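Observations on the model geometry
Spelled out from the first residue to the last, the chains are:
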Amino acid sequence: MGNIELLNISFSYPSRTAVPALQHINFQVHPGEVVAIVGLSGSGKSTLVNLLLRLYEPTGGEILIDGYPIKDLDVKWLRERIGYVGQEPRLFRADISSNIRYGCTRVINQKDVEWAAKQAYAHEFISSLPNGYQTLVDDDLLSGGQKQRIAIARALLRDPDILILDEATSALDAESEHNIKGVLRAIRSDLKTKRTVLVIAHRLSTIQVADKIIVMEGGKIVEVGSHSELLIKD
Ligand code: ADP
Ligand code: ADP
């Protein structure tokens, strides 16, 4: 599980049919791959993610998940299998452990929570906080990147086949820059789960880690390749 195929996808927002947000998008992501989507604001990255989460139906073309048309899949099941971490994840005024557990329906124990925190490279800063896991989450205590890693831990705890990450643009701190690389590598090297990762990338380090980079412009894919392939072309 975790194979994603987009076949000639087009999409126009109902309020803005004259300007398609996506046109003729074709690509495939294999289980275990880390794929970065890059492009300027307005190029269609979020729209693409919205279609994968089935917030909208494509105007044309078809999306297949493990060979099945996405429109035939149960939405609830689909959203269980796809972990989505947005740019500014919401944390609750509760301890971090509860924040990581939030929304998880399967039976978990503290060890699972610690595993998820470790995979998301959140364990180090968590243990350095006053009172560690017991600390009430105070927004000011954490950087945007750190909050996002807590949200990644939350998503991983649910054991998704596909992880979609919209990388934080706020707080481009060095610590998060370094650690997100580790997170992506850890997820990829976990051969047991073979999770697919789709990341809307804003950081060079993320792009360097990705197996494949999809470059978008004006709702179209303009380039696809590995980091070194794209460098050679430039
Ligand atoms: P980003 O580049 O991070 O996607 P945007 O500034 O493009 O951020 O979009 C922010 C929000 O505004 C998104 O939820 C997007 O769906 C919405 N949005 C963007 N363009 C339009 C538009 N023309 N009409 C209505 N909503 C829009
Ligand atoms: P990105 O994520 O790369 O910034 P988006 O997918 O948000 O790009 O936007 C792609 C295009 O769709 C842009 O022209 C944007 O203005 C438009 N758009 C995004 N969201 C909406 C919306 N809710 N309604 C109408 N147009 C939108």
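Residues numbered from 1 in each chain as written. Chains lettered and ligands numbered in written order. Predicted model: local features only at pLDDT ≥ 70, side-chain atom pairs only at ≥ 80, totals over all residues. Heavy atoms only, no water.

Within an unreviewed UniProt entry, the label attached to the protein reads ABC transporter B family member 26, chloroplastic, and the organism entered is Cinchona calisaya.

1. A few points about the site of ligand 2
Heads up, the condition is: Here a residue is near a molecule or strand as soon as one of its heavy atoms is found within 4 Å of it. A 3.5 Å cut-off defines polar contacts: any pair of N or O atoms within that distance qualifies, except that in protein one atom must be a possible hydrogen donor and the other a possible acceptor, and neighbouring residues in sequence count only when both atoms are side-chain atoms. Computed by Shrake-Rupley with a 1.4 Å probe, the accessible areas treat only the displayed protein chains as cover when residues are assessed. In this count, Pro and Cys sit with the nonpolar residues alongside Ala, Val, Leu, Ile, Met, Phe, Trp and Tyr, while Asp, Glu, Lys and Arg are called charged and the others, Gly among them, polar.
Close contacts around ligand 2 come from Tyr13, Ser15, Arg16, Ala21, Leu40, Ser41, Gly42, Ser43, Gly44, Lys45, Ser46 and Thr47, and that covers them all. A distance of 3.1 Å separates an oxygen atom of ligand 2 from a polar atom in the side chain of Arg16. A distance of 3.0 Å is found between an oxygen atom of ligand 2 and a backbone nitrogen or oxygen belonging to Gly44. Computed on the free molecule, ligand 2 has an accessible area of 560 Å², of which 68% lies beneath the protein chains in the complex. Class assignment for the residues of the shell around ligand 2 results in 3 nonpolar, 7 polar and 2 charged.

2. Focus: the packing of helix 6 (residues 144-157) against helix 7 (residues 174-189)
The line we're drawing: To obtain each axis, a line is fitted to C-alpha atoms, and for helices this fit is confined to the stretch in contact; angles are then taken between N-to-C directions over 0 to 180 degrees. Here a strand is any run of E in DSSP of at least two residues, a helix any run of H or I of at least four, and the numbering for each starts at the N terminus. Working definition: roughly parallel below 35 degrees, roughly antiparallel above 145 degrees, roughly perpendicular at 65 to 115 degrees, and oblique for all remaining angles. In this scheme, a crossing is called left-handed if the near helix is turned counterclockwise away from the far one by less than a right angle; it is called right-handed if the turn is clockwise. Should any heavy atoms of two residues lie within 4.5 Å, those residues are considered in contact.
With their axes 10 Å apart at the nearest point, helix 6 and helix 7 run at an angle of 15° to one another. As judged from the angle between their axes, helix 6 and helix 7 are roughly parallel. Two packed elements cross with a definite hand, and for helix 6 against helix 7 that hand is left-handed. Residues Gly145, Gln146, Arg149, Ile152 and Leu156 of helix 6 form the contact with helix 7, whose own contacting residues are Glu175, Ser176, Asn179, Ile180, Val183 and Ile187. Residue composition of the contact of helix 6 with helix 7, by class: 5 nonpolar, 4 polar and 2 charged.

3. What about the environment of Ile162?
Cut-off, in case you're wondering: Relative accessibility decides the category of a residue: with a 1.4 Å probe and only protein chains considered, values under 20% of the type maximum give buried, values over 50% give exposed, and everything between is partly exposed.
You can see Ile162 is positioned in strand 7 (residues 162-166). Owing to a relative accessible area of 0%, Ile162 belongs among the buried residues under this scheme. For the pair Ile162 and Arg195, spaced 33 residues apart in the sequence, the C-alpha separation amounts to 5.6 Å. Apart from residues no more than four positions distant in its own chain, Ile162 is found in contact with Gly2, Ile4, Ile65, Arg81, Ile82, Gly83 and Thr196.

4. Topic: the pattern of salt bridges
Short version of the rule: By convention in these notes, a salt bridge is any Lys or Arg side-chain nitrogen within 4 Å of a carboxyl oxygen on Asp or Glu.
Tallied over the full model, the rule gives 7 salt bridges. A salt bridge links Glu62 to Lys71; its shortest N-O distance comes to 2.7 Å. The class for Glu62 is partly exposed, based on a relative accessible area of 27%. Notably, a salt bridge pairs Glu167 with Arg203, separated by 3.8 Å at the nearest N-O pair. In this pair, Glu167 sits in the loop between strand 7 and helix 7 while Arg203 sits in the loop between strand 8 (196-200) and helix 8 (204-209), placing the two residues 36 residues apart along the sequence. Given the relative accessible area of 0%, Glu167 is considered buried.

5. Observations regarding the nonpolar core
As a reminder of what qualifies: Put simply, buried Ala, Val, Leu, Ile, Met, Phe, Trp, Tyr and Cys residues joined by side-chain atoms within 4.5 Å make one nonpolar core.
Grouped together as the largest cluster of nonpolar side chains are 40 residues, with contacts concentrated most on Ile100, Ile152 and Ile213. The leading source of residues in this core is helix 6, at 7 residues. Excluding its chain neighbours within four sequence positions, the residues that come into contact with Ile213 are Ala36, Val38, Ile207, Glu223, Val224, Gly225, Ser226, His227 and Leu230. Within the second largest apolar cluster, 28 residues are counted, among which are Leu22, Leu53, Ile63 and Ile164.

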